[in-house]
Amino acid sequence: MADTETYGTYNTPLTTIKHSAMASWSGFVYQGLCALQHSLSLLREDWDNAITKQLSLEAYEDFAILNNNGKIESLHQCKCIQSPKNYTDECQKMIDKHDYWKNEERMLANSSVPLWFHSNMTNTYACGVKAYPFSPTQTTCSPVHIYTLIQNGIKELSVIGSSEIKTNKLIVLISKRVSCIHEQCINNPNNSFNFAVQNPIPFTDIATIIQDPSLYFDLKERIETCRFYLMLTLKNRLLTKRDADETKINKLIFDIGTKTNEELRRIIYRLFPDMNVLSSDANIFELFSTSRGNNLFNVLNCVEEPIESDDFNWKKDNNKIFLTPSTLGMDVDPEEHCLSIVNNSFNAELLRDYRWIVGYIDHKVEDIIEASHLFTQIDANNAYITQPQKVGLLDINSKNHGNY
C-alpha cells in the first residue's frame, strides 16, 4: 500500500495523509488554542494518566494526542471560519487517515480512536467525525472564549501563581514548537512531516509550567506572547465585523506570524508608542485589551493604502516619510496620547525614523512634543523632547485623503 498514490475508502492521497501543512504560527492560532484547551481538560480529568501523554502538532492531523508509547489516542481538526460549512470532504480525509495509521503503520493506541472537529461554527460533519464538546452544552467556541477556557482550566489545576502568566507561558511553549516546525517546512520541505512527527510536546512540559509558582518572562518570550495576542485580537474581530476586508486582514495576520523576534520587537514598540510594552514591569495581559485590539484592527482595515509587508508601515515621497499604524484610540484626546508618547523612553527608534503615528483618533496632531507642552507632567529629563525629527499623530480620514 505504501507505494500507491491514494489510500482508504475515500481515496485520500498519501501526500495528504503524510504531510505537514503548517504555513506559520499565524495559521495556527486557533489550532494552538484548541490543542492547549484539550490538553488541559485531559490533565483535569486524570492528572496521573494524562501526564504521560504527548501533544503532536500538525503531523497526523491539526493536532493529535499520543500515549506514552507515541501511539495515537485521538485525532483533531480545527477550523475558525466566517460562516458554517459542510466539511464532509474533510471528514472523509480524517477517516482515511485514521485507517491508514491503524492498518498500515499500527500507530493507533486502540482499534479505533475518536475523531474530533473543533470550530467556532455549527458545521456539517460526516463519517462519524463529531463536533468537539468544549463543555457539556457547547460544541462551538470562538478563539477568545477558548482562551478564557484555558485560563479557567489553569485556575482549576493550580493554586499558586498567576493564571494569566501561565496561560501566556503555555502559548509561548506552543509558539516555539510551531515556529520550529515552520522553519523545518521551509528549509527541509521533504522532511517536514517526519520532523513534526518526531517532535511532539510532552505533557510534562505543560505540567511544569502549570506547577511553577515563579514564572518569569524573558524579552523573547514577551515578544512571542505579544505576537499571539496581536493575531488573536485581529482574528477575533474579523469574525464579528462582517464588512471587513478579510483578505487584507488575514494577510496582515500572516505577516505578523512570519516576522523574526527582532523584527517583531520593533513593530510592537511602534504599535504601542505610549506604553513600555516589553518592559519587565508591563502586564502583557492588560496590553492586549479588546479596545487596543479594536483600535489596531480599525486602522489596518480602514486605511485604504496597503501596508508594507516587510516593515509593517507606509512610506511616502520615495521612502522619505514613514508612517506607522498604532493601537491608539479615542479613549482619550490625541493630545493626551502625545504626553504618554513623549514620556515613553522606549520610543527612540520610533521618534528617530517616523513622521506620523496613525491611530483610531478623531483628529491629527502635527507635533507630539509641541502638543505635550499643554501639560505640566512632562519629564524634564526626557531627552526625546528635544528630538529634531517632528513626529505627529494622524487620524484615518486624514491618512486616506493625504492630509499630511
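As shown above, the structure is provided for reference.
Please read these numbers as outputs of a predicted model, since none were measured by experiment.

Some thoughts on the overall build of the chain
Working step 1: A tally of helices and strands in the chain yields 17 helices and twelve strands.
Working step 2: Over its C-alpha atoms the chain spans a radius of gyration of 23 Å, differing by no more than 12% from the 22 Å that the globule rule assigns to 404 residues.
Working step 3: The C-alpha extent of the chain, read off along each of the three principal axes, is 75 × 45 × 40 Å.
Working step 4: The proportion of buried residues among the 404 residues of the chain is 54%.
Working step 5: The long-range fraction of contacts in the chain, counting pairs at least 24 apart against all pairs at least 6 apart in sequence, stands at 71%.
Working step 6: Entry remark: accessible area of the chain is about 18,000 Å², with carbon and sulfur atoms responsible for 46%.

Points about helix α14 (residues 334–342)
Working step 1: For α14, every residue scored as buried is listed here: P334, H337, C338, L339, I341 and V342.
Working step 2: At its buried positions, α14 is contacted by β11 (356–359), α16 (368–372) and β12 (392–395).

Here's the deal with the side chain of H38
Working step 1: Tracing the chain through its elements places H38 in helix α2 (residues 29–45).
Working step 2: Here H38 is in contact with F63, I65, S74, H76 and Y132, once residues within four sequence places are set aside.

What about the packing of aromatic side chains?
Working step 1: Inspection of the entire model under this criterion finds 14 aromatic pairs.
Working step 2: For the ring pair Y60 and W101, a centre distance of 5.0 Å and an interplane angle of 90° mean the geometry is edge-to-face. Placement of Y60 in the loop between β3 (54–57) and β4 (63–66) and of W101 in helix α4 (residues 88–103) is noted, with a sequence separation of 41 residues between them. Both residues of the pair, Y60 and W101, count as buried.

What to know about the nonpolar core
Working step 1: Ranked by size, the top nonpolar core spans 102 residues in total, and within it L55, L57, Y60, I72, W101, I206 and I268 carry the most contacts.
Working step 2: Setting aside chain neighbours within four positions, we find I206 in contact with S39, L40, L43, L170, L173 and I201.
Working step 3: Grouped together as the second largest cluster of nonpolar side chains are 15 residues, L351, I357, I368 and L393 included.

So, the pairing of β11
Working step 1: In β11, alternate side chains face the same way, and those of W356 and V358 on one face and I357 and G359 on the other are all buried.
Working step 2: Note: β11 against β12, four bridges, orientation parallel. Of the residues in β12, the one forming a bridge with G359 is D395.

A closer look at the pattern of salt bridges
Working step 1: The full count for this structure, using the stated rule, is 20 salt bridges.
Working step 2: The residue K18 makes a salt bridge to E105 at a minimum N-O spacing of 4.0 Å. With a gap of 87 residues between them, K18 in the loop between α1 (14–17) and α2 and E105 in the loop between α4 and β6 (115–119) connect regions that are remote in the sequence.
Working step 3: According to the relative accessible area criterion, K18 is partly exposed, its value standing at 36%.
Working step 4: Residue E105 is classed as partly exposed on the basis of its relative accessible area, which comes to 33%.
Working step 5: Between E366 and K364 there is a salt bridge, with the nearest N and O atoms lying 4.0 Å from each other.
Working step 6: By relative accessible area, which is 37% here, E366 ends up partly exposed.
Working step 7: Overall, the relative accessible area of 27% leaves K364 in the partly exposed class.
Working step 8: By sharing partners, the salt bridges in this structure join E262, R265, R266 and E349 into a single network.

Some remarks on the sheet that holds β6
Working step 1: Read from one edge to the other, the open sheet built from six strands follows the order β7-β6-β5-β4-β3-β8, with strand pairing classed as mixed. Lying at the two open borders of the sheet, with one neighbouring strand each, are β7 (130–131) and β8 (201–202).
Working step 2: Where α2 meets the sheet, its contacts fall on β3, β4, β5 (72–79) and β6, and the angle it forms with β4 comes to roughly 25°.

Looking at the packing of helix α6 (residues 163–187) against helix α9 (residues 219–240)
Working step 1: One way to put it is that α6 packs onto α9 with a least axis distance of 9 Å and a crossing angle of 90°. Relative to α9, the element α6 lies roughly perpendicular. Seen from α6, the contacting residues are N168, K169, I171, V172, S175 and K176; seen from α9, they are E221, E224, T225, F228 and Y229.
Working step 2: Of the residues assigned to the contact of α6 with α9, the class counts are four nonpolar, three polar and four charged.

Let's talk about the environment of K399
Working step 1: Relative to the assigned elements, K399 resides in helix α17 (residues 396–400).
Working step 2: You can call K399 buried: its relative accessible area is 5%.
Working step 3: Taking the C-alpha atoms as reference points, K399 and N298, 101 residues apart in sequence, are found 13 Å from one another.
Working step 4: With sequence-adjacent residues up to four places away left out, K399 is seen in contact with V303, E305, W314, L323, L394 and Y404.
Working step 5: A distance of 2.6 Å separates a polar atom in the side chain of K399 from a polar atom in the side chain of E305.

Details of the environment of S142
Working step 1: With respect to the helices and strands, S142 occurs in the loop between β7 and α5 (143–157).
Working step 2: Once residues lying within four places of it in the same chain are set aside, the contact partners of S142 are Y30, N120 and N236.

Scoring rules and cut-offs
- Residue numbers run consecutively from 1 along every chain, following the written order of its sequence.
- Given that the model is predicted, a residue must reach a pLDDT of at least 70 before its local features are reported, and side-chain atom pairs must reach 80 or more before they are shown or counted; all residues, however, enter totals for whole chains, interfaces and linings.
- The basis for the side-chain values is all heavy atoms of the structure; hydrogens and waters are excluded.
- Starting at the N terminus, helices and strands are each numbered in turn, a helix being any DSSP run of H or I of at least four residues and a strand any DSSP run of E of at least two.
- Our radius of gyration is a C-alpha quantity, and the globule rule it is checked against amounts to 2.2 Å times the number of residues to the power 0.38.
- A 1.4 Å probe rolled over the protein chains alone gives each residue an accessible area, and that area as a share of the maximum for its type sets the label: buried under 20%, exposed over 50%, partly exposed in between.
- Contacts are assigned to residue pairs that have any heavy atoms within 4.5 Å of one another.
- For the area figures, the Shrake-Rupley method with a 1.4 Å probe applies, and any residue is considered shielded solely by the protein chains shown.
- Each Phe, Tyr or Trp ring (for Trp, its six-membered ring) is paired with any other whose centre lies within 6.5 Å, and the angle between the two planes then decides the class: stacked below 30 degrees, edge-to-face above 60, tilted in between.
- To form a nonpolar core, buried Ala, Val, Leu, Ile, Met, Phe, Trp, Tyr and Cys residues must be joined to one another through side-chain atoms within 4.5 Å.
- For two strands to be treated as a pair, DSSP must find at least two bridges joining them.
- Basic side-chain nitrogens of Lys or Arg form a salt bridge, by our definition, when they fall within 4 Å of a carboxyl oxygen of Asp or Glu.
- Lines fitted to the C-alpha atoms define the axes, with helices restricted to the stretch that makes contact. Angles between their N-to-C directions range from 0 to 180 degrees.
- Angles are sorted into four bins: roughly parallel if under 35 degrees, roughly antiparallel if over 145, roughly perpendicular if 65 to 115, and oblique for all others.
- Residue classes follow a fixed rule: Ala, Val, Leu, Ile, Met, Phe, Trp, Tyr, Cys and Pro count as nonpolar, while Asp, Glu, Lys and Arg count as charged, and any other residue, Gly among them, counts as polar.
- Whenever a nitrogen or oxygen atom comes within 3.5 Å of another N or O atom, the pair is scored as a polar contact, on the condition that within protein one atom can donate a hydrogen and the other can accept it, and that pairs from neighbouring residues in sequence are kept only if both atoms are in side chains.

Functional significance is not addressed by these values, which are geometric in nature.
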